[in-house]
Structures are given as C-alpha cells and as structure tokens.
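Secondary and tertiary structure notes
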Number of protein chains: 2
Amino acid sequence: MNDPVSAAYEAFRTELESQGLLISMGVEGLYGRSGTFEDVVERLNAAIGAVGDPDGPEVMRFPPGLGRLQLEKSGYVRNFPHLAGTVASFAGSNQDHAALLARLSNDEDWTDMQRPTEVALTPAACYGVYPVIAARGRLGAAGALVDVYTWCFRHEPSIDPARMQMFRQREHVRIGTPEQVASFRALWLDRARALVESLGLPAAIDVANDPFFGRAGKLLAATQREGNLKFELLVPIVAEAPRTACVSFNDHRDLFGRAWGIELEPGETAHTACVGFGVERLTLALFRHHGFFVADWPDSVRHVLGF
Amino acid sequence: MNDPVSAAYEAFRTELESQGLLISMGVEGLYGRSGTFEDVVERLNAAIGAVGDPDGPEVMRFPPGLGRLQLEKSGYVRNFPHLAGTVASFAGSNQDHAALLARLSNDEDWTDMQRPTEVALTPAACYGVYPVIAARGRLGAAGALVDVYTWCFRHEPSIDPARMQMFRQREHVRIGTPEQVASFRALWLDRARALVESLGLPAAIDVANDPFFGRAGKLLAATQREGNLKFELLVPIVAEAPRTACVSFNDHRDLFGRAWGIELEPGETAHTACVGFGVERLTLALFRHHGFFVADWPDSVRHVLGF
C-alpha cells in the first residue's frame, strides 16, 4: 500500500467519524454506527430482500457465531486460518481466578489463561446454512434456497473503513444441481448489478480470488480464478484505492455438499452457490457517492431505499 | 437442577425446533431463527424503542465485539471470566500452517495454535457505550442518554432455550448524576412493566444479583443485592423452572464512570444506569404464553407489536 492510498483511507474515515456516521471503538476495523448509518443499512437490507422475495427463499437468521467444529468441517480454518476467529473463555478454578486477578492488577498479559470454547465466529453468512440443510436429510430434485443475514468476523485489522473486522452480510444461498446453481448465479449477477445501479453506484463485475493462506493457497486461488468460481461486483469507494468488492457471487461446486454430505437424490451430491451483499460496504459507497446528508440523495436512490 | 426442570427445558426446545422457530446449530445455546421468530424479534425491538423515543436518546449500534482492552478495563474479565469471550486467530508462518493442516487432517486438537487477537465479544449491550462517551470529554450537567442494540455473548452452554450463548439486548443507558440515574431507573421500571403487561405477559420485579465469579464474587453479589443495585423483571417461560429475567435495571453507581474517567463537571465523576431488554427471552415468552401461531395471538398483543 502506498502513501496516497493510506492517506485517502484515513481521510475518509476521519470524515465518517466527524460526521458521526461511524464511531471509533479504539480497535482498527471495529466501529459503532450512528442511527443514520443504521437506518441506511436497514433500508438497503430490505431492498436486497425485496429483489429475492419472489423466489420464496426460506428465511434463516443466525447469531454471529457457529460451532467451532462446524467451521473446521467447512474447510475455513484450513484455507483462511489468519481470518478465522475462535472464542476462548476462562475455565479455571478459584485459585486460577486469584492468579488472573493478580495478572489484571499488574497489567500483565492474561490471555494464556483463556481456554478454547466450542464457539467460533461466522466468517460468511452462508456458513450456518449447510449443516442445517444437511441435518434435514436428502433434499430431492428441487434442492433448497435460503435467505440469510448475519454478522461476520474476519481478523484483518485495517485503516480502510470498508474493511471492517465485524460486518454484516445478506446472502441468498442455492443448493441444488450444477445447472440450478449456475442459473441462480447468472440470475443474481444481473439482479445485483441492476440493484446497485439503481442506487446510483457505478458497478463493475470481475473475476475474483479469495486470500487463501500460504503456499497451498496459491494453487487454490489459481483454481478459483481459472474456474470462474468467484465473481465480485466492485464499486469505487475511495478513489485513490482499488475498487471495493461489495457483492460476491460464489460457485462452491460440491465443496460444501461433500463436506456436509448434502444429497439431492441417493448418491447425488449437491452443488452450492451463494450471492453475498456486504451491507456496510454498500452503505459506505452510498455516503461516498451521494454525500453525508441522506435528505440530499437523488430521488431515484431514495425511492429504492423506501425513503 | 432437578430432572423435571431439565425435562421441561428439553420439551420446550423440542417444541420450538419442531415448529421451526428455532434451528439447532449443534452447539448448546446457539440457534438459528426462522423468519417468523425474527419478525417478532424486530417488532418487539421496535416496540421497546417506541417507549424510549420521546426521551430523544442518541442511537448507537455496535458490532458483536469490542476491544479486549475495553472489556478488561470495564471490569468484566475480573468479575465474570467464565462468561467472557475473547477472540483468537492463527498468526503463524507457512511452516506453522503446514503443522495446522496436519493436525486438522489427523483430527487432532489445533486450538493451542490460536493466538489472542485484540477483539473480545460483547457481554452486554451497554459495554460499547462507556468508552465512546468517555472519549468525548466532559459531559456537562445534562449527562447523556444512549439507545443501543447489540448481539451479546456469554459462555454458558445450557439446555434452557432462554439461556442462549449468543443473544440480543436492547438497552437504554443513562449517564449523569446519582439523581438523574435514579429517576431514569425508576421511570424504566414502570415503563418496562407496562410494556411487558401490554404484551399479555405476567411480570414480577425482584432484586437480583449477578453470577460474579469465585470467592471475591460472593461479596460483590451481596453488595449488589443489599444496595438494590440490580432489579430484574421476571416472566415465567418454562412453568417447572424458575422464572426468567427478561429485563434488567442496573445502577452501576460510579463503577464505569471511574473506570473510564467520565466526568460531568470538573472533578464530578458520572454515575451510570442501564435498562436492558432480552429480546430473545421476551420473544420466547410470547410464543410460550400466546402459542406458536402469531395470527392467533390476542388482538391487544398484536396491536402493540404493530401487526
């Protein structure tokens, strides 16, 4: 990252904080949100929902965490250990507590006293869906369609306000045959572009690759890129920086179907795809492109957001 | 816990899951929510907001986490280490990653490779507020009034569906003089009881004490009880079990004011109080008392929820 980019991120963040839209929490990538910011998030989320409503998806809402074993089984720990978050807690005795109190009083590190719990943080909204669908048994030819909205965590502290450690994703998830999954993704590529353009935001769609970890990850990224497995809808937020991925369109092939043993018919492993909207990123793009005063936004944009 | 109580919790949970309102995630205390459940959560949350709107609180919305140092400074780690959650992540090299992959492939424990991050999970909605208010400097005689709504985590796996590990709290927080804080709490004791009764739920208010950890905690609990520092609004959810705390009314005296150095006027440390609504608990109480079909709920209840 060169200096003008860092400076531009800092300037945008300072502007958002001085307008009161984001609230510093003293940790990079964690922010409080004002009522105004949150109102736009909710309206945007409703607008995304309205696009998908005609398909009649099943609505599932998950907490910000899931089982650690579930995260492991999904392959996320293997591929993105640097981003994954697991939850630790104190599991000691009264005597251990005395030691903990002494450490706290002396401003000494106490984190080595924490023990892993069975809970991990959700890295992407759709991760909660696969084990739930798998537990229902064979799906049949129609497959499944699920609408989720979840707080996600990725450990990537950044000065870029659009790269938060905790953020929300609205996703639609399709579980079915390769053909069902392909047509779902094609449909949402069009729908998402139309929605984002109706919000007055310049959208470009490009092939993407995830930041898989390490040496093994290079190969996975190449496979993802060459197989056109992931597209992103990019919007310029900070002009000096690369465009920001605000929606992603993922074809997981049979990765989750195999991991969870999701079958359509006997012996036929399901394929899955998801479209995920980053609601904070789109909200930041709206403030960037239309200004900090929602009342001054273009009528057409306000209409889409139900103002 | 005796057997009839456990059986009653299990029966209620099974009913909620078979009605599709809660979705098992394979970890005690973590549940997905159906669209119907979530719709009630949102309407309830709006009804709570409507009660507080006339006071004109400042709206702040926080992610499910806050800085680990902030959680520590607030005293939570000291008093409730067994409930507190901190977030760990992988911070190793390519070589460490190879070791991690080997552990995962061999189904061996890998959690000792996780390193603490700067992020902790939020134990109660108001914890995000104090550092933010403190950072603004002296408050003046009027103090502050804040409306928050946050996902919280407490590590207490339970078969009681009303004791979730991840749940949402809607809180109003008052920061001011002891008199301002006392009248805020008295006002909300009345308001909360009226709201809960308008929802057709039987409400009782009682003195409460928090599950402070260990030997030192016994004294803190006694102080809290004897000082009337915490009241709870209790609703019977599972008839065989103790009533469930659905709203809490907390007088923190100058605990957070001192911890964060929040001043009203020079040398005058702020007192704080909060009223916290457990939205999942109230939602479960609604389904328990009025049945699993929202359309059949009493008209008066449906009216309060804006149906």
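These numbers were taken from a predicted model, which means no experiment stands behind them.

Structural notes on the sheet that holds strand E7 (residues 144–153) of chain A
Pairing in this open sheet of nine strands is mixed, and the strands run E9(A)-E10(A)-E11(A)-E12(A)-E8(A)-E7(A)-E3(A)-E2(B)-E1(B) from one edge to the other. The two strands at the open ends of the sheet, each matched to only one other strand, are strand E9 (204–207) of chain A together with strand E1 (22–24) of chain B. The mean angle between the axes of side-by-side strands here comes to 25°, regardless of whether they run parallel or antiparallel. Pairing of strand E3 (residues 58–61) of chain A with strand E2 (residues 31–34) of chain B, which is carried by two bridges, proceeds in the antiparallel orientation. Bridge pairing in E2 of chain B places Arg61 of chain A opposite Arg33 of chain B.

Details of the confidence of the model for chain A
Averaged over all residues, the pLDDT of chain A equals 96, while 99% of them reach at least 70. Across the predicted assembly, pTM comes out at 0.97 and ipTM at 0.97.

Overview of the sheet that holds strand E6 (residues 114–121) of chain B
In any sheet, the strands associate via hydrogen bonds between backbone groups, in a parallel or an antiparallel arrangement. Here we have six strands laid out as an open sheet, ordered E4(A)-E6(A)-E5(A)-E5(B)-E6(B)-E4(B), and antiparallel in their pairing. A strand with exactly one partner marks an edge of an open sheet, and here the two such strands are strand E4 (65–67) of chain A together with strand E4 (65–67) of chain B. Between one strand axis and the next, the sheet turns by 55° as a mean value, whatever way the strands run. Bridge analysis of E4 of chain B against E6 of chain B gives three bridges, and the strand direction is antiparallel. Paired with Leu66 of chain B across the bridge in E6 of chain B is Ala120 of chain B.

Some points on the relation of the copies chain B and chain A
Mapping chain B onto chain A is achieved by rotating through 180° and translating by 0.0 Å along the same axis, at an RMSD of 0.0 Å. Overall, the copies show the geometry of a two-fold rotation axis. When C-alpha distances to the rotation axis are compared across chain B, the minimum falls at Val87 of chain B, with a value of 2.4 Å. Counting the interface residues of chain B, we find that 100% of their copies in chain A are interface residues as well, pointing to one common contact surface.

A word on the domain arrangement of chain A
Residues and elements named next belong to chain A. Assigned domains within chain A: domain 1 (4–85 + 123–304) and domain 2 (90–120). The gap between the C-alpha centroids of domain 1 and domain 2 is 35 Å. Listed as interface residues are seven residues of domain 1 and, on the opposing side, five residues of domain 2. Between domain 1 and domain 2, roughly 400 Å² of surface is buried when both sides are summed, and carbon and sulfur atoms account for 50% of that area. For domain 1, the biggest contributors to the area lost against domain 2 are Leu66, Arg68 and Gly85; these three give 79% of the whole. Viewed at the interface, domain 2 and domain 1 are joined by zero salt bridges. The interface formed by domain 1 and domain 2 includes three residue pairs in polar contact (both at pLDDT 80 or more). Elements supplying a minimum of two residues to the side of domain 1 that touches domain 2: E4 and helix H3 (68–73).

Some remarks on the packing of helix H2 (residues 35–52) of chain A against helix H7 (residues 178–198) of chain A
Residues and elements named next belong to chain A. In the contact formed by H2 and H7, the axes pass within 11 Å of each other and the chain directions differ by 140°. Between H2 and H7 lies a crossing of right-handed hand. Where H2 approaches H7, its residues Ala47, Ile48, Val51 and Gly52 are matched on the opposing element by Trp188, Arg191 and Leu195. Of the residues contributing to the contact of H2 with H7, the split by class is five nonpolar, one polar and one charged.

Looking at the environment of Glu28 of chain B
Residues and elements named next belong to chain B. Of note, Glu28 is situated in the loop between E1 and E2. Put simply, Glu28 and Ile159 are 131 residues apart on the chain and 6.3 Å apart in space, counted from C-alpha to C-alpha. Filtering out sequence-adjacent residues up to four positions away, Glu28 remains in contact with Arg13, Pro157, Ser158, Ile159 and Gln165.

Some words on the interface of chain B and chain A
Taken together, the contact between chain B and chain A spans 63 residues of the former and 63 residues of the latter. Approximately 5300 Å² of surface area, both sides summed, lies buried where chain B meets chain A, with 66% of it carried by carbon and sulfur atoms. The largest contributions to the chain B side of the interface with chain A come from Met25, Arg78 and Trp110 of chain B, which together make up 11% of the buried area. Put simply, chain B and chain A have zero salt bridges between them. For the pair chain B and chain A, the number of links is 29 residue pairs in polar contact (both at pLDDT 80 or more). With three bridges connecting them, strand E5 (residues 86–90) of chain A and strand E5 (residues 86–90) of chain B associate as antiparallel partners. Bridging across to E5 of chain B, Ala88 of chain A finds its partner in Thr86 of chain B.

Considerations on unusual backbone geometry
Residues and elements named next belong to chain A. In this structure, Arg253 takes a positive phi of about 50° despite not being glycine. Summarising the element assignment, Arg253 is placed in strand E11 (residues 244–253). Arg253 gets classed as partly exposed once you look at its relative accessible area, which sits at 40%.

Things to note about the packing of aromatic side chains
Considering all chains together, one arrives at 20 aromatic pairs over all chains under this definition. A ring pair is formed by Phe184 of chain A and Trp188 of chain A, whose centres lie 6.5 Å apart and whose planes are at 55°; its orientation type is tilted. Separated by four residues within a single helix, Phe184 of chain A and Trp188 of chain A lie in helix H7, roughly one turn from each other. This pair shows no difference in class: Phe184 of chain A is buried, exactly as Trp188 of chain A is. Ring geometry for Tyr130 of chain B against Phe256 of chain B: centres 4.3 Å apart, planes inclined by 10°, an arrangement best described as stacked. Linking Tyr130 of chain B in helix H6 (residues 129–135) with Phe256 of chain B in helix H9 (residues 255–260), this pair joins segments that are 126 residues apart in sequence. Owing to a relative accessible area of 0%, Tyr130 of chain B belongs among the buried residues under this scheme. By relative accessible area, Phe256 of chain B is classed as buried at 2%. What links up through ring pairs into an aromatic cluster is the set Tyr76, Phe80, Tyr127, Tyr130, Phe212 and Phe256 of chain A. Against the face of Phe307 of chain B rests Arg43 of chain B, its NZ or CZ located 3.9 Å from the ring centre. One residue, Arg191 of chain B, lies across the ring of Trp188 of chain B, its end atom 4.7 Å from the ring centre.

Rules used throughout
Every chain begins its residue count from 1, and numbering advances along the sequence as written. Throughout, the order in which chains and ligands are written sets their labels, letters from A for the former and numbers from 1 for the latter. Note on the predicted model: pLDDT of at least 70 is required for a residue's local features to be given, and 80 or more for side-chain atom pairs to be given and counted; whole-chain, interface and lining totals, by contrast, use all residues. Hydrogens and water are ignored here; the side-chain numbers use all heavy atoms of the structure. Two strands make a pair as long as DSSP finds a minimum of two bridges between them. Numbering goes from the N terminus for both helices and strands, where a helix is a DSSP run of H or I of at least four residues and a strand is a run of E of at least two. Inter-axis angles, ranging from 0 to 180 degrees, are taken between N-to-C directions of lines fitted to C-alpha atoms, where helices are fitted over the stretch in contact. Predictor confidence is given residue by residue as pLDDT, running from a minimum of 0 to a maximum of 100. Least-squares fitting of one copy onto the other uses the C-alpha atoms of those residues that reach a pLDDT of at least 70 in both copies. Only heavy atoms enter the contact rule, under which two residues are in contact if any of them lie within 4.5 Å. Each domain's extent was defined by an automatic or database domain assignment. Buried area is a sum: the accessible area each of two parts loses on coming together, probed at 1.4 Å, counted once for each and added. We define a salt bridge as a contact between a side-chain nitrogen of Lys or Arg and a carboxyl oxygen of Asp or Glu at a distance within 4 Å. Polar contact is defined as a pair of N or O atoms within 3.5 Å, subject to the rule that within protein one atom must be able to donate a hydrogen and the other to accept it, and that residues adjacent in sequence are counted only when both atoms are side-chain atoms. Take the far helix as the reference: if the near one is turned anticlockwise from it by less than a right angle, the crossing is left-handed, and if turned clockwise, right-handed. When residues are grouped by polarity, Ala, Val, Leu, Ile, Met, Phe, Trp, Tyr, Cys and Pro land in nonpolar, Asp, Glu, Lys and Arg in charged, and all others, Gly among them, in polar. Only protein chains enter the area calculation, which uses a 1.4 Å probe; residues under 20% of their type maximum are buried, those over 50% are exposed, and those in between are partly exposed. Centre distance within 6.5 Å is the pairing criterion for rings of Phe, Tyr and Trp, where only the six-membered ring of Trp is used; planes under 30 degrees apart are then read as stacked, over 60 as edge-to-face, and the remainder as tilted. By definition, being over a ring means that NZ of Lys or CZ of Arg is both within 6 Å of the ring centre and within 35 degrees of the ring normal.

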